[in-house]
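Per-entry structural report
Residues per chain are reported as follows:
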Amino acid sequence: RASTSRHSPPRSRGRDAMANTAVPDTPMSDEPLDPENGRVQKDPATFRDIFRSFVVLGWSAFGGPAAHIGVFQKVFVEAKNWMSLTVFNELLSLGQCLPGPTSTQVSFAIGVTQQGILGGLLSGLLFQYPGLLLMSLTGAGAAEALANPARWLQGLTAGLAAAGVALILSAAIGLARGQCKDEVTRLLCLMSATVAFYYTSNFIFPLLIVVGGLTTLYTKRNDDVALKDTTEKIHKLGVPKLFGAILILTWITIWVVVASIKNTTEYSDGRSTKVLHWFEAFYRTGSIIFGGGQVVLPLLLDDVVQYDRVCTTSGGTLVYDVTDASVCDSYTSVESEDSWITADQFFAGLGVVQAMPGPLFNLSAYIGAVAARRAHVNVLAGIFAAWFGLFGPGVLLIYGVLPFWGGFRKQPVYRRMLPGLNSSAVGLVVAAVFTMGFKIREISPFPNASVCIAFLAFYATHFMKKDAPLVVLASGVLGIIAWATGCS
């Protein structure tokens with residue numbers, strides 16, 4: 001049977017991580033507990049309440065999406081009583097079923113349910129801006145140092161990257177425990193991970209999500225999934241349904257128009273063309289990503305790091321301008337001089353963003369800043385193109401879909417599809433762990449040591465429950481030690 005708010009969700013990495021995250025101090029109500037809805041306040045939170053809550057969370061929400069969701073539940077369900085656990089879990093499922101960053105969409109949705117459009121903008125932007133600011137400054141300040149890094153800096157970035165993958169693995173395990181509760185959902189997770197790892201395509205992710213939903217729609221066809229009658233009032237759903245439909249249409253229109261213009265231009269045509277190509281790549285990725293920030297990483301890596309196929313002679317010499325193909329013993333992929341950023345820069349940013357508050361999607365601000373510095377384009381333009389490109393689709397969709405969610409949340413078809421949608425999304429995260437892990441080992445200056453650092457980082461974060469920033473910092477130090485001692 002579908003789970004309700006009578007039962008607490010399974011223990012996950014997010015629930016563990018939230019213990020180390022600052023939470024605004026709010027006393028519990030003395031009102032009696034409603035067994036279905038919990039202690040839900042009758043009046044919506046004010047703008048002042050939203051500001052005071054999210055201005056703290058924006059600077060203290062470490063640990064990635066799973067930890068963010070755990071913090072949201074503790075603050076807004078258990079402490080502040082803004083909504084019941086039932087409604088909160090539905091908002092979480094809605095975010096997982098839509099393209100875009102799940103924790104970001106939930107942060108906007110919480111504000112929308114309290115104070116409508118402006119409440120959502122206030123809560124969402126307060127949650128995003130600290131990570132956006134810090135990653136933008138990191139990208140703008142470190143771009144040149146990371147372009148041709150010294151050996152010790154390569155060791156540091158290798159350690160940071162290993163920690164990044166370890167944290168994603170911990171989040172994947174927590175998500176799998178929470179969403180894959182029976183044999184069908186576990187098999188869907190396995191299928192999604194296997195297919196996504198073997199066949200990387202822009203549109204394979206949404207296809208796997210749909211297949212998962214249709215599967216549980218069939219397997220749960222005889223289950224009673226109806227919501228129990230509840231007196232809880234959802235204060236606001238944001239925009240009217242007509243405007244919600246316009247927002248969804250706007251999302252599609254921007255995608256089509258930008259892609260069409262991009263296909264008629266070359267990246268090398270000029271600075272404005274480069275910005276357009278960046279925006280198109282990030283907007284496309286943000287429009288097809290399900291499962292959160294971890295899933296976006298392999299697609300971003302393919303888009304922002306370009307490779308040339310270079311001739312390799314029998315003696316191991318690379319020949320870039322080949323006049324006689326017979327001299328080529330094999331071909332090797334080498335990073336292109338026109339690559340938006342390097343693989344080292346990408347994985348260094350991955351490690352750093354894990355130590356920052358806010359969503360993993362803030363990696364886009366770092367990439368935009370680094371790409372702009374490499375291409376001699378205004379840094380703010382690069383940050384804008386990458387960050388708004390990646391976040392824009394998810395925000396447009398959560399505002400566009402919420403007005404309709406108030407109605408279809410009770411539909412049996414939707415509720416039967418939810419377990420399959422969610423478990424397939426978890427499989428995408430699992431695939432991302434292995435894709436990124438193998439890539440990091442491949443480019444590391446000490447592959448075996450990088451794997452060992454990842455083991456230690458995973459143990460520290462998953463079993464010892466250490467704070468993510470501390471784990472990332474320690475892994476960077478271990479990377480420098482591995483360089484200094486000549487580890488392989």
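Conventions adopted
- Residues numbered from 1 in each chain as written.
- Predicted model: local features only at pLDDT ≥ 70, side-chain atom pairs only at ≥ 80, totals over all residues.
- Heavy atoms only, no water.
- Helix = DSSP H or I, 4+ residues; strand = E, 2+ residues; numbered from the N terminus.
- Buried < 20%, exposed > 50% of the residue type's maximum accessible area, 1.4 Å probe, protein only.
- Contact = heavy atoms within 4.5 Å.
- Areas by Shrake-Rupley, 256 points an atom, 1.4 Å probe, with all protein chains shown as cover.
- Salt bridge = Lys/Arg side-chain N within 4 Å of Asp/Glu carboxyl O.
- Phe/Tyr/Trp six-rings, centres within 6.5 Å; stacked < 30°, edge-to-face > 60°.
- Lys NZ or Arg CZ within 6 Å of the ring centre and 35° of its normal.
- Core = buried A, V, L, I, M, F, W, Y, C linked by side-chain atoms within 4.5 Å.
- Patch = residues over 30% accessible without salt bridge, like charges linked within 9 Å, V, L, I, M, F, W, Y side chains within 5 Å.
- Polar contact = N/O pair within 3.5 Å; in protein donor to acceptor, adjacent residues only side chain to side chain.
- Axes fitted to C-alpha atoms, helices over the stretch in contact; angles between N-to-C directions.
- Parallel < 35°, antiparallel > 145°, perpendicular 65-115°, else oblique.
- Left-handed = near helix turned anticlockwise from the far one by under 90°.

A short note on the overall build of the protein chain
Across its full length, the protein chain holds 17 helices and 3 strands. In the protein chain, which comprises 488 residues, the share counted as buried stands at 56%. Looking at the protein chain alone, contacts between residues at least 24 apart form 78% of all its contacts between residues at least 6 apart. When the accessible surface of the protein chain is totalled, it reaches about 21,200 Å², and 61% of it is carbon and sulfur.

Side note on the pattern of salt bridges
Counting across every chain of the model gives 4 salt bridges. Between Arg186 and Glu183 there is a salt bridge, and its shortest N-O distance comes to 3.6 Å. Placement of both Arg186 and Glu183 in helix H7 (residues 183-198) is noted, with a separation of 3 residues, approximately one turn of the helix. Two residues, Arg284 and Glu280, come together in a salt bridge whose shortest N-O distance is 3.0 Å. Within this pair, Arg284 and its partner Glu280 are both found in helix H10 (residues 271-288), separated by 4 residues, close to a single helical turn. We note that Arg284, like Glu280, is buried. Through salt bridges with shared partners, a single ionic network connects Glu280, Arg284 and Asp303.

Comments concerning the environment of Cys311
The residue Cys311 is located in strand E1 (residues 307-312) in this model. Note: C-alpha distance between Cys311 and Thr332 (21 residues apart in sequence) is 6.4 Å.

Some thoughts on the packing of aromatic side chains
Applying the stated criterion across every chain, the model contains 19 aromatic pairs. Relative to Phe391, the ring of Trp387 lies with its centre 4.6 Å away and its plane at 35°, an arrangement referred to as tilted. Remark: Phe391 and Trp387 occur in helix H14 (residues 379-408); sequence separation between them is 4 residues, near one turn of the helix. Residues Trp387 and Phe391 agree in their burial class; the two are buried. Through pairs of rings, three or more aromatic residues link up here, namely Phe54, Phe72, Phe76, Trp82 and Phe127. Arg221 extends its terminal NZ or CZ atom over the ring of Tyr218, reaching a point 4.0 Å from the ring centre. In this structure, Lys274 is placed above the aromatic ring of Tyr267, and the distance from its NZ or CZ to the ring centre is 5.1 Å.

Some details on the nonpolar core
Membership of the largest hydrophobic core comes to 126 residues, with the highest contact counts inside it found for Phe54, Phe72, Trp278, Phe346 and Ile367. If you tally residues by element for this core, the top one is H14, at 15 residues. Not counting residues within four places of it along the chain, the set of residues in contact with Ile367 comprises Phe282, Leu300, Val304, Ile341 and Phe346. Core analysis: the second largest hydrophobic core is formed by 7 residues, Ala162, Ile453, Ala454 and Ala482 among them.

What about a nonpolar patch on the surface?
Judged by side-chain polarity, Phe47, Ile117, Leu118, Leu121 and Leu125 come together as a nonpolar surface patch covering roughly 440 Å² of accessible area. Per-element accounting of the nonpolar patch gives the leading share, 4 residues, to helix H5 (residues 102-147).

Here we look at the environment of Asp49
Relative to the assigned elements, Asp49 resides in helix H2 (residues 47-60). Looking at Asp49, the relative accessible area reads 32%, which means it is partly exposed. When the C-alpha atoms of Asp49 and Gln114 are compared, they prove to be 9.9 Å apart, with 65 residues separating the residues in sequence. A polar contact is formed between the side chain of Asp49 and the backbone nitrogen of Thr46, at a distance of 3.0 Å.

A short note on the packing of H7 against helix H8 (residues 204-219)
Two quantities define a packed helix pair, namely the angle between the helix axes and the distance between the axes. Their axes nearest at 10 Å, the elements H7 and H8 cross at an angle of 160°. On the basis of the axis angle, H7 is roughly antiparallel to H8. Crossing handedness for the pair H7 and H8: right-handed. Residues Val184, Thr185, Leu188, Met191, Ser192, Val195 and Ala196 of H7 pack against Ile204, Phe205, Leu208, Val211, Gly212, Thr215, Thr216 and Thr219 of H8.

A look at the environment of Ala166
As for its placement among the helices and strands, Ala166 is situated in helix H6 (residues 151-179). Put simply, Ala166 and Gly351 are 185 residues apart on the chain and 9.9 Å apart in space, counted from C-alpha to C-alpha. If sequence neighbours within four positions are ignored, Ala166 has contacts with Ala454, Ala457, Phe458 and Thr461.

A few points about the side chain of Ser444
Looking at where Ser444 falls in the secondary structure, it is placed in the loop between helix H15 (412-443) and helix H16 (447-462). In terms of polar contacts, Ser444 uses its side chain to reach the backbone amide nitrogen of Phe446, at 3.1 Å.

Things to note about unusual backbone geometry
In this structure, His376 is a non-glycine residue whose phi angle is positive, near 60°. Locating His376 in the fold gives a position in the loop between helix H13 (363-375) and H14. For Lys465, which is not glycine, the phi dihedral falls at a positive 60°. For Lys465, a relative accessible area of 29% translates into the label partly exposed.

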